[in-house]
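Per-entry structural report
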Amino acid sequence: MTMQICGGIIPSFHLPRTKPFDFGSIFPAVNEDTVKNLAVCSALRAEMQLALEGQNNVAAQAAIEQYLPALLSVMRGIESCPKDTHSVLKPFSFKWTSSFARSKKDPFYTLYTIRFEVAMTMSALALASANQAAATLDAVTAPNQYEDAAKQALPKIKEAASVFNFIAEHILPLKESLPYDRPPEVLPGMHAAMSCLYRATGQQVASKQAALKSMSPALLSKLYMAAAKLMRESDERLKGLTNDYKDLQPPLKTWAGAGHLFLLAVSLRYLGIDTWNAQKHGAGLGMARAAKMNSDKAVSEGILQGASRSLAARVDEESSSLDRMLESWEKDNKHVYFENVQKPETLPEGKTVTAADCPDFTPPAAPFEISFEAPASV
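Quick caveat, the model's predicted, so the values are computed rather than measured. (Residues numbered from 1 in each chain as written. Predicted model: local features only at pLDDT ≥ 70, side-chain atom pairs only at ≥ 80, totals over all residues. Heavy atoms only, no water.)

1. Some points on the pattern of salt bridges
Using the criterion set out here, one finds 12 salt bridges in the structure. Residue E117 is joined to R45 by a salt bridge in which the shortest nitrogen-to-oxygen separation is 2.6 Å. Here R45 lies in helix α1 (residues 32-54) and E117 lies in helix α4 (residues 114-138), a separation of 72 residues in the sequence. The buried category is assigned to R45, whose relative accessible area is 1%. For R182, the salt bridge is made with D244, and the minimal N-O distance between the two is 2.8 Å. Of this pair, R182 sits in the loop between α5 (146-171) and α6 (188-212) while D244 sits in the loop between α7 (217-239) and α8 (250-277), and the two are 62 residues apart along the sequence. Bridged by salt links that share partners, the residues K292, D296 and D323 form one connected network. (Salt bridge = Lys/Arg side-chain N within 4 Å of Asp/Glu carboxyl O. Helix = DSSP H or I, 4+ residues; strand = E, 2+ residues; numbered from the N terminus. Buried < 20%, exposed > 50% of the residue type's maximum accessible area, 1.4 Å probe, protein only.)

Now the structure itself:
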């Protein structure tokens, strides 16, 4: 199942799935507490697996939040155990599907380190949170509903951005040789790109809040420009994955690039309005034409690929508004103002707001210690 772009201009992804795993199988523990704690971790993982299978974002987030502290306890135990103990640890592997890769015959990827499990679990946490935000924004049917929906959605969008950033900076890269057949989730650059994408989403949501409050066109242009620049950065980071980029699902690739163009068009439309209102009709008309060019290009490059009905309506609304504005301005300039149409020489500086901030994600405290001790020699 591929991603979908919802009306809040926010992606919604299929949650990754995983195969069963028993933590008790990795170590012939004789310590009673270790046996008990590994059993607890296995049970919590089984609950997470069930929630992910059901694709219920609320249930999945709750299950992951229960499992993650125990998982981090195991990771710390494995990574802090003496070198001579590592030879006693039995080989283990985790199997997960990818939320970002294009479909393949066998959807499961297999890797062999505990940090792969942590990265996939945290990625699922970020997506479960962001998907809830997408559902909230997609349910908006009237402008007067948007403010409350945005207030509910923004904390979850920021949480997703923070978790993805944490994975990129603190969990990855994996300490194992990556196989040729690998999910994008094992790459730090993938999570950095997703963090940037959700920061762009948060900025865009806050920009629309400002638009509905009838803020000045000059300010709205700067707000949307900041969102466009963040989206472009996400696109550049995705393309920086080089060979792995081709394995991403097509809607994700087209959305990052086309989304940047769409947000740029919105920014230029507002800048055109501000310029036209300042009696600079030729310059304002030039910006409106540039907005139309970017809007059309966004459509041709696939912004509607994977779009929900509400996003399709949003794009159509923006395009129709821009067409009406252009028709009116072209007529007025031709018959009243007679100004030379000027192409925009510079783009407005973006103005980020707190919605685009990416606060540090604080991982949960480990609820217990796992002690992997080599058996005493006889």
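2. Regarding the nonpolar core
What tends to happen in soluble globular proteins is that the nonpolar side chains get buried as a cluster. The biggest cluster of nonpolar side chains holds 113 residues, and the ones touching the most others in it are F23, M122 and Y198. The element best represented in this core is α4, accounting for 15 residues. Look past the residues within four positions of Y198 in its chain and what remains in contact with it is I10, P11, F13, L127, A130, I157, A160, A161 and F164. (Core = buried A, V, L, I, M, F, W, Y, C linked by side-chain atoms within 4.5 Å. Contact = heavy atoms within 4.5 Å.)

3. A word on α4
For α4, spanning 25 residues, the distance from its first C-alpha to its last is 36 Å, which sits close to the expected 36 Å at 1.5 Å a residue. With 22 of 25 residues buried, α4 is to be regarded as a mostly interior element. (Expected span 1.5 Å × (residues − 1).)

4. Details of unusual backbone geometry
The omega angle of the peptide bond from L172 to P173 is 5 degrees, so this bond is cis rather than trans. By the secondary structure assignment, P173 is in the loop between α5 and α6. Not every positive phi belongs to a glycine, and S214 is a case in point at roughly 60 degrees. Tracing the backbone through its elements, the reader meets S214 in the loop between α6 and α7.

5. Some thoughts on the packing of α6 against α8
Viewed as axis vectors pointing N to C, α6 and α8 meet at an angle of 30 degrees, and their least axial separation amounts to 12 Å. By the angle between their axes, α6 is roughly parallel relative to α8. Here α6 runs over α8; the crossing is left-handed. Between α6 and α8, the contacting residues are M190, L197, Q204 and A211 on the first element and L252, W255, L263 and Y270 on the second. When grouped by side-chain class, the residues that make up the contact of α6 with α8 number seven nonpolar, one polar and no charged. (Axes fitted to C-alpha atoms, helices over the stretch in contact; angles between N-to-C directions. Parallel < 35°, antiparallel > 145°, perpendicular 65-115°, else oblique. Left-handed = near helix turned anticlockwise from the far one by under 90°. Nonpolar A, V, L, I, M, F, W, Y, C, P; charged D, E, K, R; others polar.)

6. Quick look at the packing of aromatic side chains
Aromatic rings in a pair are described by how distant their centres are and how their planes are angled relative to each other. A full pass over the atoms with the stated rule returns 13 aromatic pairs. Ring geometry for F13 and F100: centres 5.2 Å apart, planes at 90 degrees, overall edge-to-face. With a gap of 87 residues between them, F13 in the loop between β2 (10-12) and α1 and F100 in the loop between β3 (94-96) and β4 (109-111) connect regions that are remote in the sequence. Considering the side-chain rings of F21 and F23, the 5.0 Å spacing of their centres and the 80 degrees angle between planes classify their relative orientation as edge-to-face. In terms of burial, F21 and F23 fall into one category: buried. (Phe/Tyr/Trp six-rings, centres within 6.5 Å; stacked < 30°, edge-to-face > 60°.)

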